[in-house]
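Architecture and fold: a report
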Amino acid sequence: MNERKKIGDYWFVRYEKETYPPEEMKARAKAFFEWANRRRTVRDFSDRPVPREVIEYAIRTASTAPSGANKQPWTFCVVENPMLKKAIREAAEREEYENYHGRMSETWLQDLAHLGTDWQKPFLETAPYLIVVFKRIYEPDEEGVKRQNYYVTESVGLACGMLLMALHHAGLVALTHTPSPMNFLSKLLERPDNERPFLLIPVGYPADETYVPDIKRKPLDQICVWYS
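Heads up: these notes are all about the structure in this document.

Rules behind the numbers
- Starting afresh in each chain, residues are numbered from 1 along the sequence in its written order.
- With pLDDT at 70 or above as the cut-off, local features in this predicted model cover only qualifying residues; side-chain atom pairs require 80 or more to be listed or tallied, and sums for whole chains, interfaces and linings still use all residues.
- The side-chain figures draw on all heavy atoms in the structure; neither hydrogens nor water molecules are used.
- Orientation is described by axes fitted as lines to C-alpha atoms, over the contacting stretch for helices, and by angles from 0 to 180 degrees between their N-to-C directions.
- A run of H or I in DSSP counts as a helix once it spans at least four residues, and a run of E counts as a strand once it spans at least two, with each numbered from the N terminus.
- If you view the pair so one helix is near and one far, a crossing is left-handed when the near helix is turned anticlockwise from the far one by less than a right angle, and right-handed when it is turned clockwise.
- For this analysis, residues touch if any pair of their heavy atoms sits within 4.5 Å.
- Note on residue categories: nonpolar means Ala, Val, Leu, Ile, Met, Phe, Trp, Tyr, Cys or Pro, charged means Asp, Glu, Lys or Arg, and polar means any other residue, Gly included.
- In what follows, salt bridge is the name for a side-chain nitrogen of Lys or Arg lying within 4 Å of a carboxyl oxygen of Asp or Glu.
- The definitions used throughout rest on a 1 Å grid laid over the protein atoms alone, on which a cavity is an enclosed set of points accommodating a 1.4 Å probe that cannot get out and a pocket is an open set flanked by protein within 12 Å on both sides along at least five of seven lines; lining residues are those having an atom within 4 Å of a point.
- Grid points are joined across faces, edges and corners, and a volume is the space filled by probe spheres set on the points.
- Orientation labels follow simple angle bins: below 35 degrees gives roughly parallel, above 145 gives roughly antiparallel, 65 to 115 gives roughly perpendicular, and whatever is left gives oblique.
- Here, the term nonpolar core denotes a set of buried Ala, Val, Leu, Ile, Met, Phe, Trp, Tyr and Cys residues that are joined through side-chain atoms within 4.5 Å.
- The buried label goes to any residue with under 20% of its type's maximum accessible area, the exposed label to any with over 50%, and the partly exposed label to all in between, with areas taken from a 1.4 Å probe on protein chains only.
- Like charges within 9 Å and nonpolar side chains (Val, Leu, Ile, Met, Phe, Trp, Tyr) within 5 Å are joined into patches, using only residues over 30% in relative accessible area that form no salt bridge.
- Where accessible areas are quoted, they stem from the Shrake-Rupley method and a 1.4 Å probe; at the residue level, only the protein chains shown are allowed to cover.
- Only strands joined by at least two bridges in the DSSP assignment are considered to pair.

**A word on the packing of helix 2 (residues 52–62) against helix 6 (residues 152–169)**
At a minimum axis distance of 8 Å, the contact between helix 2 and helix 6 shows a crossing angle of 145°. Every pair of crossing elements has a handedness; the one defined by helix 2 and helix 6 is right-handed. The residues of helix 6 that touch helix 2, namely those facing Ile55, Ala58, Ile59, Thr61 and Ala62, are Ala159, Met162, Leu163, Ala166 and Leu167. Of the residues in the contact of helix 2 with helix 6, the class split is nine nonpolar, one polar and no charged.

Written as structure tokens, this is what we have:
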């Protein structure tokens with residue numbers, strides 16, 4: 001059992017973290033970046049089955065993300081039922097058709113052109129799992145009183161980033177899909193009023209023949225500013 005200590009009115013547990021010599025630390029950091037840099041957003045999925053336990057552990061990893069006041073304001077809905085995936089696809093495509101035919105500005109459409117996207121979303125049926133992430137705006141107590149959650153969007157965003165890396169680590173691919181508006185997900189999945197759809201993530205193996213856009217990530221000097 002971890003060593004415990006009372007600080008003020010609350011109990012804390014002792015925390016220990018392994019550390020490494022500077023050269024090993026640099027090697028580990030470089031190796032992790034090179035591995036993470038191989039992660040890509042994929043739209044061509046295989047329907048090959050994925051063990052449920054893999055998804056469960058990826059979600060457990062996501063749940064280790066930091067959150068405001070440790071409220072953990074997230075719900076991960078995993079959809080594998082074919083009829084429900086079909087319904088989600090049909091609803092998403094209705095919204096996306098409107099987006100691509102009037103809602104999105106010409107500039108937005110031009111910015112998307114090099115990615116080869118359109119309103120059709122067959123991957124929502126092909127991928128073996130859809131992970132629908134909801135953010136929990138508040139928590140109702142037993143008497144129906146709304147208990148506020150804090151930094152909900154930031155917390156759920158961090159959890160989703162960790163989910164993507166966990167799926168990548170397991171050898172799977174994913175897509176961060178954000179059909180807008182997404183209220184249809186709340187209705188189809190019958191979620192409570194305190195939850196709002198945040199992200200729709202198809203998950204699975206890549207198709208046997210998969211292509212991704214030939215894009216480059218910004219170099220360090222364009223994303224990092226040092227103050228020495």
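**Observations concerning the pattern of salt bridges**
All told, the structure shown has 16 salt bridges when counted by the stated rule. The closest approach of N and O atoms between Lys30 and Glu34, which form a salt bridge, is 2.5 Å. Of this pair, Lys30 and Glu34 are both found in helix 1 (residues 22–36), four residues apart, which corresponds to roughly one turn of the helix. A salt bridge links Glu139 to Arg136, with the shortest nitrogen-to-oxygen separation between them at 2.8 Å. One salt-bridge network, held together by shared partners, links Arg136, Glu139, Arg191 and Glu195.

**Quick look at the layout of surface pockets**
If a probe as big as a water molecule is rolled over the atoms, it shows which places are left empty. Size it by volume and the largest pocket reaches roughly 380 Å³. Among the elements of the structure, helix 3 (82–103) and helix 4 (106–113) are those that each provide at least two residues to the lining of the largest pocket. Sorting elements by how many residues they give to the lining of the largest pocket places helix 3 first, with four residues. Broken down by class, the residue content of the lining of the largest pocket amounts to six nonpolar, seven polar and four charged. Size it by volume and the second largest pocket reaches roughly 230 Å³. What lines the second largest pocket is simply Asn37, Arg39, Arg40, Thr41, Arg43, Leu115, Pro213, Ile215, Lys216 and Arg217. For the lining of the second largest pocket, the per-class residue count stands at three nonpolar, two polar and five charged.

**Section: the packing of helix 1 against helix 6**
Their axes nearest at 11 Å, the elements helix 1 and helix 6 cross at an angle of 85°. One finds that helix 1 runs roughly perpendicular with respect to helix 6. Of the residues in helix 6, those touching helix 1 at Phe32, Trp35 and Ala36 are Met165, His168 and His169. In terms of residue class, the contact of helix 1 with helix 6 is built from four nonpolar, two polar and no charged.

**Topic: the nonpolar core**
Grouped together as the largest cluster of nonpolar side chains are 25 residues, with contacts concentrated most on Ile55, Phe76, Leu163 and Ile201. For this core, the secondary structure elements donating two or more residues are helix 2, strand 3 (74–79), strand 4 (129–136), helix 6 and strand 8 (195–204). Top element by residues in this core is helix 6. It accounts for eight residues. Beyond its immediate chain neighbours, meaning those up to four positions away, Leu163 contacts Ala58, Ile59, Ala62, Phe76, Ile131 and Ile201. Core analysis: the next-biggest nonpolar cluster, separate from the first, contains 20 residues, Phe45, Leu130, Val132 and Met182 among them.

**A few points about a nonpolar patch on the surface**
Judged by side-chain polarity, Ile7, Tyr10 and Phe12 come together as a nonpolar surface patch covering roughly 340 Å² of accessible area. Of note, Tyr10 is situated in strand 2 (residues 10–13). By relative accessible area, Tyr10 is classed as exposed at 59%.

**With respect to the pairing of strand 4**
Most of strand 4 is tucked away, with eight of its eight residues classed as buried. Of the two faces of strand 4, both are covered, the one formed by Tyr129, Ile131, Val133 and Lys135 as well as the one formed by Leu130, Val132, Phe134 and Arg136.

**Concerning the sheet that holds strand 8**
Ordered in space as 3-4-8-7, the four strands form an open sheet in which the pairing is antiparallel. The open sheet terminates on both sides in strands that have one partner only, identified here as strand 3 and strand 7 (173–174). Bridge analysis of strand 3 against strand 4 gives six bridges, and the strand direction is antiparallel. Pairing of Val79 across the sheet is with Leu130, part of strand 4.

**Here's the deal with unusual backbone geometry**
Between Ser180 and Pro181 the backbone carries a cis peptide bond, its omega angle lying at 0°. Mapped onto the secondary structure, Pro181 falls in the loop between strand 7 and helix 7 (183–188). Despite not being glycine, Asn70 has its phi angle at roughly 55°, a positive value. By the secondary structure assignment, Asn70 is in the loop between helix 2 and strand 3. Backbone geometry at Gln72 places phi at a positive 50°, although glycine is not the residue there. Among the secondary structure elements, Gln72 is positioned in the loop between helix 2 and strand 3. Accessibility expressed as a relative area gives 36% for Gln72, which makes it partly exposed.

Coordinates in, geometry out; function isn't part of it.
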